[in-house]
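A look at the structure
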Amino acid sequence: AAGVIQSPRHLIKEKRETATLKCYPIPRHDTVYWYQQGPGQDPQFLISFYEKMQSDKGSIPDRFSAQQFSDYHSELNMSSLELGDSALYFCASSLSGRAWYEQYFGPGTRLTVT
Amino acid sequence: AQSVAQPEDQVNVAEGNPLTVKCTYSVSGNPYLFWYVQYPNRGLQFLLKYITGDNLVKGSYGFEAEFNKSQTSFHLKKPSALVSDSALYFCAVRDPRPDAGNMLTFGGGTRLMVKP
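Digging into the state of the cysteines
Tallying each qualifying case throughout the model produces two disulfides over all chains. Disulfide pairing places Cys23 of chain A opposite Cys91 of chain A at an S-S distance of 1.7 Å. Around the S-S axis, the bridge from Cys23 of chain A to Cys91 of chain A shows a dihedral of about -55° and counts as left-handed. Here Cys91 of chain A lies in strand S9 (residues 87–94) and Cys23 of chain A lies in strand S3 (residues 19–24), a separation of 68 residues in the sequence. In this structure Cys91 of chain A comes out as buried when scored by relative accessible area, which is 0%. Paired by a disulfide, Cys23 of chain B and Cys91 of chain B hold their sulfur atoms 2.0 Å apart. Since a negative S-S torsion denotes a left-handed disulfide, the Cys23 of chain B-Cys91 of chain B link at about -60° is left-handed. Of the two residues, Cys23 of chain B sits in the loop between strand S3 (19–21) and strand S4 (24–26) while Cys91 of chain B sits in strand S10 (residues 87–94), which places them 68 residues apart along the sequence. When sorted by exposure, Cys23 of chain B lands in the same class as Cys91 of chain B, which is buried.

As structure tokens, this is what we get:
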């Protein structure tokens, strides 16, 4: 079965650079979520989109922005990168934004900021 | 605000023995509860969920979880552990109220080590 696709899988950037992470949800899933998992931490919710509109916002820094496109893929744009942004970034998708639908996670993008 | 607690950083169990990974939650109203497993350098895999109905929920790979409203717990269980079950397990909760948001709130994770 098709899963959530994230690209790139690994990314190395220097401080103050920008990065763009991409997420392709499972076909027919219209809701996308972004999570950040720091080393040894649990995933923290950043932001979500339902039908191309932002649906919820969590602990996403102002330096980050995201959007969902007409084909439901999503991009997380990160600017002025800091060392503390080094983490595993997960995208998850679900069929509709309803709370009882489980979220399916992608393999993650490991971002390293040097 | 919703929260999840996994009181054990690590659980050690011998292969073939039953295992329990504990989870307690705090949320207003009736919660939606989930268990995910994470293998090294991998994403989170959905195991099971409780939405409503029978308090004992069966999921993937022989795992099950029991919802206990009075104890606000949702412990993950398996009758006979396998070495391949060794991984990091996350409990997560969603507040079902319409204005609470759709995000999952995760517990801190419990590392399960199954020894041969």
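That shown, we press on.
Regarding the sheet that holds strand S1 (residues 5–7) of chain A
Residue and element names in this part refer to chain A. What the four strands build is an open sheet, ordered S1-S3-S8-S7; its pairing is antiparallel. Looking at strand neighbours, the two that pair on one side only are S1 and strand S7 (64–68), the edges of this open sheet. Along the sheet, successive strands turn relative to each other by an average axial angle of 15°, direction set aside. The pairing of S7 with strand S8 (residues 74–78) spans five bridges and is classified as antiparallel. The residue bridging Gln67 from the neighbouring strand is Glu75, located in S8.

Focus: unusual backbone geometry
The omega torsion across Ser7 of chain A and Pro8 of chain A is -10°, close enough to zero to call that bond cis. Residue placement: Pro8 of chain A occurs in the loop between S1 and strand S2 (10–13). Positive phi values are uncommon outside glycine, yet Arg28 of chain A reaches one of about 80°. Counting through the fold element by element, Arg28 of chain A comes out in the loop between S3 and strand S4 (31–37). Positive phi, normally seen in glycine, also occurs at Tyr61 of chain B, with a value near 60°. Of note, Tyr61 of chain B is situated in the loop between strand S7 (56–58) and strand S8 (64–68). For Tyr61 of chain B, a relative accessible area of 51% translates into the label exposed.

The rules behind the values
- Residues numbered from 1 in each chain as written.
- Chains lettered and ligands numbered in written order.
- Predicted model: local features only at pLDDT ≥ 70, side-chain atom pairs only at ≥ 80, totals over all residues.
- Heavy atoms only, no water.
- Disulfide = S-S within 2.5 Å.
- Helix = DSSP H or I, 4+ residues; strand = E, 2+ residues; numbered from the N terminus.
- Buried < 20%, exposed > 50% of the residue type's maximum accessible area, 1.4 Å probe, protein only.
- Pairing = 2+ DSSP bridges.
- Axes fitted to C-alpha atoms, helices over the stretch in contact; angles between N-to-C directions.

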